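# Commentary on secondary and tertiary structure
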Amino acid sequence: MNIHPKIKDHLVNLAIVSLLLIGAIVFFSAAKQTPQPSVPQPLREILEDPQFDLSNPLHRAFLKDSWQFFYPDSGSEAGSIIEHLENYQAGQLLAKAEAARKKKLSFSALGSLTVMFFKFISAYLLVLAISYYGVQTLGLLRFIRWRQDRPGSWQRIILLRKGLQRPKSLPALWQQTLPFLEVLGKSGAKLFGYAVLFSPAYVIAYALKTGIKTDTFPFLVLLGVLSNGLLILYSQKFYTFLRDEHRKGYVETAIVKNLAQSYQFDQQNGIPWRSVFAWKKSFPGHVLEHIFMSAQIQYISTLKEQAAFIITSIAIIEMALNIQGYLSYTLLQNLLYDQYDLVFAILLGLFWLVKFTEIAADQLYLHFAKRYENP
């Protein structure tokens, strides 16, 4: 089977790092033996007696007198026998708690981790799919707006200011004021949208924490898409790809071949709105078809970076929101408990997720590039 060298490099890296992480899991999976408190055999038999209650003052006094009677040579040891038993019971409780806390990487633990990974991967795939669509749509809209040469907010305000006339009535004043209010409203909404999209996830979460329940799967996906500058950063990259492709020579060749070049919406030789917002965007008979296709191939090569960004964002969101029962919260918990076998198991799963995404992105890029080079 002919495998591309880039895919071979991914597979080699996958094998090497996986072996190292599996070795770390095996090394740390040996259970740490918790030292058990010691106690003389007669006292242990007394504690195991179901009729004896160490918290009962009568039983404590009876035990002390009995110990002095049967072991008269023990001397001052009889006076500390109760304290010794209490320390023994406390040590037993601590040992049980420590043993329960420090479990081996068992099948039940793997089953729990599998469920958490399923949640994490589901959130990751949803955020990746939504952002894949959102990045291309926002970048395309910005490119079309640039090609339409539409004035910005300040330019529109200046143009409106130049066209002002002295109003002769209150309705005339309102008619002149309304366009200003419209521009200011759109500018304010855009500013608020940018503030939300650039905000860290935990800022949005804590701002809404008192109003809605934030530790839910849908809210995790929503924050993954709308926070940390994900859409802004990668839509800007896609917009840059579109502008770069627009300057290339094949665009002029396409125009010479009488392809449509109008960027007005829903006009003859223009661009349909439905094509811009469709999942599979296509602009047949328009020069934008070739520009978009070339830009999309370049964008696919950045999916690896975007995927790693999303994985990191979801992990940070889970930790920031303290979503119990999710992968990142469990990772922090195991780090706190020194459960390094489970920590390395989680890291191995995250590494596989990143690496398989990179392989899929490179394979998709090679597929599109080959199809584009050999139409």
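Residues numbered from 1 in each chain as written. Predicted model: local features only at pLDDT ≥ 70, side-chain atom pairs only at ≥ 80, totals over all residues. Heavy atoms only, no water.

Assigned secondary structure in the protein chain consists of 16 helices and 0 strands. The buried share of the protein chain, reckoned over its 375 residues, is 35%. Entry remark: accessible area of the protein chain is about 23000 Å², with carbon and sulfur atoms responsible for 63%. (Helix = DSSP H or I, 4+ residues; strand = E, 2+ residues; numbered from the N terminus. Buried < 20%, exposed > 50% of the residue type's maximum accessible area, 1.4 Å probe, protein only. Areas by Shrake-Rupley, 256 points an atom, 1.4 Å probe, with all protein chains shown as cover.)

Further remarks concern helix α9 (residues 217–226). Within α9 the residues assigned to the buried category are Phe219, Leu220, Val221, Leu223, Gly224 and Val225. Downstream of α9 by a residue or two, Asn228 has a phi angle that is positive, lying close to 65 degrees.

Below, the discussion takes up a nonpolar patch on the surface. Among the surface-exposed residues, Ile22, Val26, Trp352 and Phe356 lie close enough to one another that they form a single nonpolar patch of about 380 Å² accessible area. Here Ile22 shows up in helix α1 (residues 5–28). Here Ile22 falls in the partly exposed class, since its relative accessible area comes to 37%. (Patch = residues over 30% accessible without salt bridge, like charges linked within 9 Å, V, L, I, M, F, W, Y side chains within 5 Å. Salt bridge = Lys/Arg side-chain N within 4 Å of Asp/Glu carboxyl O.)

Describing two packed helices takes the angle between their axes plus the distance from one axis to the other. Following both chains from N to C, one finds helix α13 (residues 287–301) and helix α14 (residues 303–321) inclined at 50 degrees, their axes separated by 4 Å at the closest point. On the basis of their axis angle, the class for α13 and α14 is oblique. Touching Tyr299, Ile300 and Ser301 of α13 are Leu303, Lys304 and Gln306, all from α14. Broken down by class, the residue content of the contact of α13 with α14 amounts to 3 nonpolar, 2 polar and 1 charged. (Axes fitted to C-alpha atoms, helices over the stretch in contact; angles between N-to-C directions. Parallel < 35°, antiparallel > 145°, perpendicular 65-115°, else oblique. Contact = heavy atoms within 4.5 Å. Nonpolar A, V, L, I, M, F, W, Y, C, P; charged D, E, K, R; others polar.)

What follows is about the side chain of Gln306. Here Gln306 is to be found in helix α14. Look past the residues within four positions of Gln306 in its chain and what remains in contact with it is Leu128, Ser131, Tyr132, Val135, Leu230, Tyr234 and Tyr299.

Within this structure, the stated rule accounts for 14 aromatic pairs. Ring centres 5.5 Å apart and planes at 55 degrees place the aromatic pair Phe28 and Tyr340 in the tilted group. Here the residue Phe28 occupies a position in helix α1, and Tyr340 occupies one in helix α16 (residues 340–373), the gap between them amounting to 312 residues. Tyr340 gets classed as partly exposed once you look at its relative accessible area, which sits at 29%. Relative to Trp273, the ring of Phe265 lies with its centre 3.8 Å away and its plane at 20 degrees, an arrangement referred to as stacked. Overall, Trp273 belongs to the partly exposed group, its relative accessible area being 37%. Chaining the aromatic ring pairs together yields one cluster made of Tyr132, Tyr133, Phe238, Trp279, Phe283, Phe292 and Tyr299. Positioned above the aromatic ring of Trp146, the side-chain terminus of Arg243 is 3.9 Å from the ring centre. (Phe/Tyr/Trp six-rings, centres within 6.5 Å; stacked < 30°, edge-to-face > 60°. Lys NZ or Arg CZ within 6 Å of the ring centre and 35° of its normal.)

Note that His286 resides in the loop between α12 (273–277) and α13. Separated by 25 residues in the primary sequence, His286 and Gln261 have C-alpha atoms spaced 6.0 Å apart. Each residue touching His286, except ones within four places of it in the same chain, is listed here: Leu259, Ala260, Gln261, Ser262, Tyr263, Asn269, Gly270 and Ile271.

We now examine unusual backbone geometry. In the Ramachandran plot, Asn228 falls in the positive-phi region, its phi being about 65 degrees despite a non-glycine side chain. Along the chain, the position of Asn228 falls in the loop between α9 and α10 (230–246).

So, on to the side chain of Ser227. Along the polypeptide, Ser227 turns up in the loop between α9 and α10. With relative accessibility at 1%, the residue Ser227 sits in the buried group. In contact with Ser227, other than residues within four places in its own chain, are Val196, Leu197, Ser199, Pro200, Ala201, Ile204 and Ile317.

Put simply, α10 and α14 touch, their axes get as near as 12 Å, and they point 175 degrees apart. Classified by the angle between their axes, α10 and α14 sit roughly antiparallel to one another. Contact residues: α10 offers Leu230, Leu233, Tyr234 and Lys237, while α14 offers Glu305, Gln306, Phe309 and Ile310. Broken down by class, the residue content of the contact of α10 with α14 amounts to 5 nonpolar, 1 polar and 2 charged.

Within the secondary structure layout, Ala278 lies in the loop between α12 and α13. Take Ala278: its relative accessible area is 24%, and that puts it in the partly exposed class. Each C-alpha atom of the pair Ala278 and Tyr133 lies 8.9 Å from the other, and the pair is 145 residues apart in sequence.

If pLDDT is low for a region, its predicted coordinates should not be looked at in detail. Summarising the model, the protein chain shows a mean pLDDT of 78, and 73% of its residues fall at 70 or more. The least confident element of the protein chain is helix α4 (residues 81–101), whose mean pLDDT is 60; the most confident is α10, at 91. (pLDDT = per-residue confidence, 0-100.)

So, about the pattern of salt bridges. Scanning the model with the defined rule gives 5 salt bridges in all. Of the charged contacts, one joins Lys237 and Glu305 as a salt bridge, the two residues approaching to 2.7 Å between their closest N and O atoms. One end of the pair, Lys237, is in helix α10; the other, Glu305, is in helix α14, and 68 residues separate them in sequence. Close ionic contact of Asp362 with Lys304 constitutes a salt bridge, the shortest N to O distance being 3.1 Å. You can see Asp362 sitting in helix α16 and its partner Lys304 sitting in helix α14, a full 58 residues away along the chain.

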